[in-house]
Amino acid sequence: MKKLIYGILTVAMASLLMLGCGGDGGKKAATDAPKEVKKVVIKVGATPVPHAELLNFVKPQLAKEGVDLQVIEFTDYVKPNLSLADKELDANFFQHVPFLEKTCQERNLKLTVLDKVHIEPMGCYSKKVKDIKSLPDGAKVAIPNDPTNGGRSLMLLEAAGLLKLKEGKGITATPNDLASNPKNLKIIEVESATLPRALDDTDLAVINSNFAMEAKLNPVKDSLFIEKDSPYANVIAVRTGDEKRPELLKLAKALRTPEVKKFIEDKYKGAVVPAF
């Protein structure tokens, strides 16, 4: 009888020891424990509207995929590309392809397009006239002072019937490239971000939609004339060579989902148009 009791106790103690030393029960507990997702931080430069808003919209989804998205806001068109080239950012999101290509050429930067996201139609605005055809002779017209948006704005004024550009002049056009100017418009080149404020001192201003929306202007309702089928898609830009970084590919994918498309259509109502 004593031998039987001793045998039972021995088996029980051995089982307890196995559990305490991480037997099958310990392995199961370890297997059931949730695995911690390793976070990768990416810093993305953007102008506030709509770029930063779109980035913040996809931020929660990226967090689930192990990407900690940090949005760095800029209010100009120069610093985001310089900061990206200097490795202060991992990507930026604020510009269209012609602007990126021109900047890289002028400043010898090695940046490239990762993906296209949306289009912001450029529009003509005024506080002094309600119909672009009633613009008076000698009217002051403000346009962006950067090369590509300046040419783009002149093309828009040409499409509106206010002037005509010389043969072969398009995105690179300047106020010196006018073939005809029947209303003798006085073209004033202004920094893009300040164009909404220029409305007080000019008869007409050609404004990028992001800066128009920041100034509480609705490109669809408030513009006198707006781009149709604009080819100037806003893109995610990265340093050349970083195109295959997994976390940046996740960013590009997150910004081109049906959810983002619906967000753009519902929030901006035509002032911003999905490019996918």
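For the structure itself, consult the block above.
Parameters at a glance
Residues numbered from 1 in each chain as written. Predicted model: local features only at pLDDT ≥ 70, side-chain atom pairs only at ≥ 80, totals over all residues. Heavy atoms only, no water. Helix = DSSP H or I, 4+ residues; strand = E, 2+ residues; numbered from the N terminus. Buried < 20%, exposed > 50% of the residue type's maximum accessible area, 1.4 Å probe, protein only. Contact = heavy atoms within 4.5 Å. Areas by Shrake-Rupley, 256 points an atom, 1.4 Å probe, with all protein chains shown as cover. Expected span 1.5 Å × (residues − 1). Bend = angle between axes of the 7 residues up to and from the residue. Pairing = 2+ DSSP bridges. Phe/Tyr/Trp six-rings, centres within 6.5 Å; stacked < 30°, edge-to-face > 60°. Core = buried A, V, L, I, M, F, W, Y, C linked by side-chain atoms within 4.5 Å. Axes fitted to C-alpha atoms, helices over the stretch in contact; angles between N-to-C directions.

> Honestly, the overall build of the protein in this entry has me stumped. Any pointers?
Helix and strand counts for the protein come out as 11 helices and 13 strands. Evaluated residue by residue, the protein yields a buried proportion of 46% over its 276 residues. Nonlocal contacts in the protein, meaning residues at least 24 apart in sequence, comprise 74% of its contacts between residues at least 6 apart. Accessible area for the protein stands at about 15100 Å²; split by element, carbon and sulfur atoms hold 55% of it.

> It is not clear to me how helix H3 (residues 48-64) should be interpreted in this structure. Could you clarify?
In an α-helix, one turn spans 3.6 residues; hence positions three or four apart end up facing the same way. End to end, H3 covers 24 Å across 17 residues, agreeing with the expected 24 Å (1.5 Å per residue, within 8%). Remark: the principal bend of H3, roughly 40°, maps to Val 58, with a proline, Pro 60, within the next four residues. Those residues of H3 that fall on the buried side of the exposure criterion are Pro 48, Val 49, Pro 50, His 51, Ala 52, Leu 54, Leu 55, Val 58 and Leu 62. After H3 finishes, the residue Gly 66 shows a positive phi value of roughly 85°.

> What exactly am I supposed to notice about the sheet that holds strand E1 (residues 40-46) here?
Sheet strands pair by backbone hydrogen bonding; their relative direction is either parallel or antiparallel. Within the open sheet, the six strands sit side by side as E2-E1-E3-E12-E4-E13. Their pairing is mixed. In this open sheet, the two strands that pair with only one neighbour each are strand E2 (67-73) and strand E13 (273-274). Strand direction decides the pairing type here: E1 and E2, joined by seven bridges, are parallel. Looking at E2, one finds that Ala 46 is bridged to Glu 73.

> Which parts of the structure should I look at to understand the packing of aromatic side chains?
Two descriptors summarise a pair of aromatic rings, namely the distance from one centre to the other and the angle between the planes of the rings. One pass over the structure, following the stated rule, counts six aromatic pairs. Both rings, one in Tyr 77 and one in Phe 211, keep their centres 5.1 Å apart while their planes meet at 40°; by these two values the pair is tilted. Placement of Tyr 77 in the loop between E2 and helix H4 (79-85) and of Phe 211 in helix H8 (residues 209-214) is noted, with a sequence separation of 134 residues between them. An identical accessibility class is assigned to Tyr 77 and Phe 211; each is buried. A connected cluster of aromatic rings, assembled from ring pairs, spans Tyr 77, Phe 94, Phe 99 and Phe 211.

> Explanation requested: the nonpolar core in the structure shown.
In summary, soluble globular proteins display a tendency toward joint burial of nonpolar side chains. The biggest cluster of nonpolar side chains holds 28 residues, and the ones touching the most others in it are Val 44, Leu 55, Phe 93, Ile 236, Leu 251, Leu 255 and Tyr 268. Residue assignment for this core shows that the elements contributing at least two residues are E1, H3, E2, strand E3 (91-96), strand E4 (111-119), strand E12 (233-239), helix H10 (246-254) and helix H11 (258-268). With six residues, the top contributor of residues to this core is H3. With residues up to four places along the chain from it excluded, the contact list for Val 44 reads Leu 55, Leu 69, Gln 70, Val 71, Ile 72, Leu 89, Ala 91, Asn 92, Phe 93 and Leu 251. Counting residues in hydrophobic clusters, the runner-up holds 21 residues, among them Ile 143, Leu 154, Leu 157 and Leu 185.

> When you look at the pairing of E12 in this model, what are you seeing that I'm missing?
The side chains of a regular strand alternate between the sheet's two faces. Within E12, seven of the seven residues are buried, which leaves it mostly tucked inside the rest of the structure. Here E3 pairs with E12 via four bridges, running antiparallel. Pairing of His 96 across the sheet is with Asn 234, part of E12. The sheet contact formed by E4 and E12 spans seven bridges and is antiparallel. Within E12, the position partnered with Lys 116 by the bridge is Val 235.

> How should the sheet that holds strand E6 (residues 140-144) be read in this particular structure?
Taken in spatial order, the five strands line up as E9-E6-E10-E5-E11 in an open sheet, and their pairing is mixed. Each of the sheet's edge strands pairs with one partner strand only, and the pair in question is strand E9 (186-190) and strand E11 (225-226). Along the sheet face, helix H6 (residues 147-159) touches strand E5 (123-125), E6, E9, strand E10 (204-207) and E11 and points at about 135° away from the line of E6.

> I'm lost on the environment of Val 190 in this one. Help?
Position of Val 190 among the secondary structure elements: in strand E9. Here the alpha-carbon distance between Val 190 and Asp 146, two residues 44 residues apart in the chain, equals 8.5 Å. Val 190 has contacts with Ala 142, Ile 143, Pro 144, Asn 145 and Leu 195, leaving out every residue within four places of it along the chain.

> Would you take a moment to explain H6 for this structure?
End to end, H6 covers 19 Å across 13 residues, agreeing with the expected 18 Å (1.5 Å per residue, within 8%). Regarding H6, the residues found buried are Thr 148, Asn 149, Gly 150, Gly 151, Arg 152, Ser 153, Leu 154, Leu 156 and Leu 157. Of the residues one or two after H6, Gly 161 is the one with positive phi, at around 85°.

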